[in-house]
Amino acid sequence: MTNPLAPVQYRVDLADAAAHRYRVTLTVRDAAPEQLLSLPVWIPGSYMVREFGRHLSGITARQGGRERVVQPLDKTTWQVATSGRAALTVSYEVYAFDTSVRTAFLDDRRGFFNATSLCLRVHGQEARDHQLQITGLPAGWDVATAMPALAGARHGFVSAGYDELVDHPVELGRFWRGRFEAGGVPHEFVVAGAWPGFDGERLLADTRRICAAQIAFWHGRGKPPFGRYVFLLNAVEEGYGGLEHRASTALLCNRRDLPRTGQAGMGEGYLTLLGLISHEYFHTWNVKRLKPREFLQFDYSRENYTRLLWFFEGFTSYYDDLMLRRAGLIDSARYLKLIARTVNGVRATPGQQVQSVAEASFDAWVKYYRPDENTPNSTVSYYTKGSLVALLLDLHLRRAGHSLDALMRRLWKVALRDGVTEQLLLDEVATLGGPAVAEALRGWVHGRGPLPLDEALVAAGVHLAHEPAAWATALGLKLSEGALTGVQVKSVLRGSAAEAAGLSPGDELLAVDGWRIRRLDDARQWVADGRPCELLLVRDQRVRTLTLRAGGDAALGQTVALSPEASPSDAARAMRRAWLGD
Ligand SMILES: [Zn+2]
């Protein structure tokens, strides 16, 4: 670091670990007379206003041995009246008891934080070096982060500015740690919360293959745009998620999904974890460096809108599983099953008739990230439908003798500095595949309703088999079951038989045609044969009866199974080989 200005310094102390409180001390030199300090209201990569400031308390300030007045200006900003040139010291506590990857956590076993939750931004000094010192670590605890170490300081780190500081999450505790090299660059994998039988060597070997495939995808034999990369995985009883960063990722998974020593084969849970690893790693290029133009400079105080999450999340979702195939971790048949699951998920989303993926991107702040019982009726996921747009575009570009790979690498060349816009995307697609493909892409992105996938898949050597959907989906019901709640309606899909019958979210299903149901399987027996049936249910403590008749939106009644076509045409075989390698 060569910044000649005095650094902004944070000391993060763990003395109150059992009470889930970090004590933070911030030292500011050259403070303004009315120095503003604020916490972000959101963390880049997770598009929701979370108001991290609500967990901050007890803020005080001192300068030259004297107390200074700290005045809150709004929900996330404080003003400190300073005087003279002495360093300003600001102290506060942050409550941290959220195991998600987006905020902060601390107890007597483990700590984790994003600086967006802990480190006040010093307005006017964002470009200075930001130093982080961690103190009060219990005996035997270690620290893992991609943030560069501060020379000469134990558990000290430094970032070139506030944007970088908040882009390096930190894991604390006694965790498993492994290392490998990919693309000539050291990678580290940290796992907290693993069972003793956890097969770390397998996780390292599989992750290395994913990383090598992605580095080769973007750079051939060249090096990736980071000198070191760190995976921070926390395994819990029940949880799933990931957040991308410039040289690391924070991941959350089910403990039972970790690979176990002596276990062969690729279980669904472990495959999901590898898909998550692949997804977040792909973001290291696609959204952390190749960005929507709107994200070139983040505003931490409010929503940052873009209409392009279908590209940055959807195309990343397309490549996450495709990279598992290219890394040789799954075969084409397994890969096509993953695509079919996405196709069927979008098909069972009536909201795709209401919202385009461009609109879904824009509305992420209030819709995708705030799901409720009406979500499947009012929204479509820019992840899943966006990944199908990528698939369709890839197949169209391949027919034109190119591929989506070429488009991504082209964007890496032309859009790094000024960011990606929709027009730039359309122009580059037109250059590769011709104006008709660009126009088609515009239609998929701004249109509503299903994508024309079937014909494109057949032309790529894929066999389609239409099958009846699961009984609940066909009726338009999303259900849950529990020992205390019984069989409960979570959502009623728009245009479905369940909607026509008058079912409502929250209804508890008691009986079908006079037979008590206690589990989903019980209900399946009675609803499956298509006759009208009498449902006995409870709504707001009142017992009532409804008649459920088959019918409703036919799209809900069907699913598709995808497999490699056994005897494709020569053209289809050649295309599948170029696309899936066999
Ligand atoms: Zn993502």
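Above this text is the structure in question.
Bear in mind the structure is a predicted one, so any value in this text is a computation, not a measurement.

Novice: Which residues make up the overall build of the chain, and what values go with them?
Specialist: Looking only at helices and strands, the chain has 17 helices and 28 strands in total. When its C-alpha atoms are laid out on the principal axes, the chain stretches across 80 × 65 × 50 Å. For the chain, the proportion of its 582 residues judged to be buried stands at 55%. The contacts in the chain between residues at least 6 apart in sequence include a share of 70% that link residues at least 24 apart. Of the accessible surface of the chain, which amounts to about 24500 Å², a share of 50% is contributed by carbon and sulfur atoms.

Novice: Would you mind going over the sheet that holds strand S4 (residues 56-63) in detail, with residue names and values included?
Specialist: Pairing is mixed in the open sheet, where 7 strands are placed in the order S5-S4-S8-S2-S1-S12-S14. Each edge of the open sheet is held by one strand with a lone partner, namely strand S5 (66-68) and strand S14 (156-159). The mean angle between the axes of side-by-side strands here comes to 25°, regardless of whether they run parallel or antiparallel. Bridge count between S4 and S5: 3 bridges; the pairing is antiparallel.

Novice: Any chance you could break down the pairing of strand S3 (residues 34-38) for me, citing the residues and the numbers?
Specialist: As judged from the 5 bridges shared by S3 and strand S7 (residues 77-81), these two strands associate in the antiparallel manner. Looking at S7, one finds that Gln 35 is bridged to Val 80. For S3 and strand S11 (residues 121-122), the ladder comprises 2 bridges, and the chain directions are antiparallel. Note that in S11 the partner of Leu 37 across the bridge is Val 122.

About the criteria used
- Residues numbered from 1 in each chain as written.
- Predicted model: local features only at pLDDT ≥ 70, side-chain atom pairs only at ≥ 80, totals over all residues.
- Heavy atoms only, no water.
- Helix = DSSP H or I, 4+ residues; strand = E, 2+ residues; numbered from the N terminus.
- Buried < 20%, exposed > 50% of the residue type's maximum accessible area, 1.4 Å probe, protein only.
- Contact = heavy atoms within 4.5 Å.
- Areas by Shrake-Rupley, 256 points an atom, 1.4 Å probe, with all protein chains shown as cover.
- Pairing = 2+ DSSP bridges.
- Axes fitted to C-alpha atoms, helices over the stretch in contact; angles between N-to-C directions.

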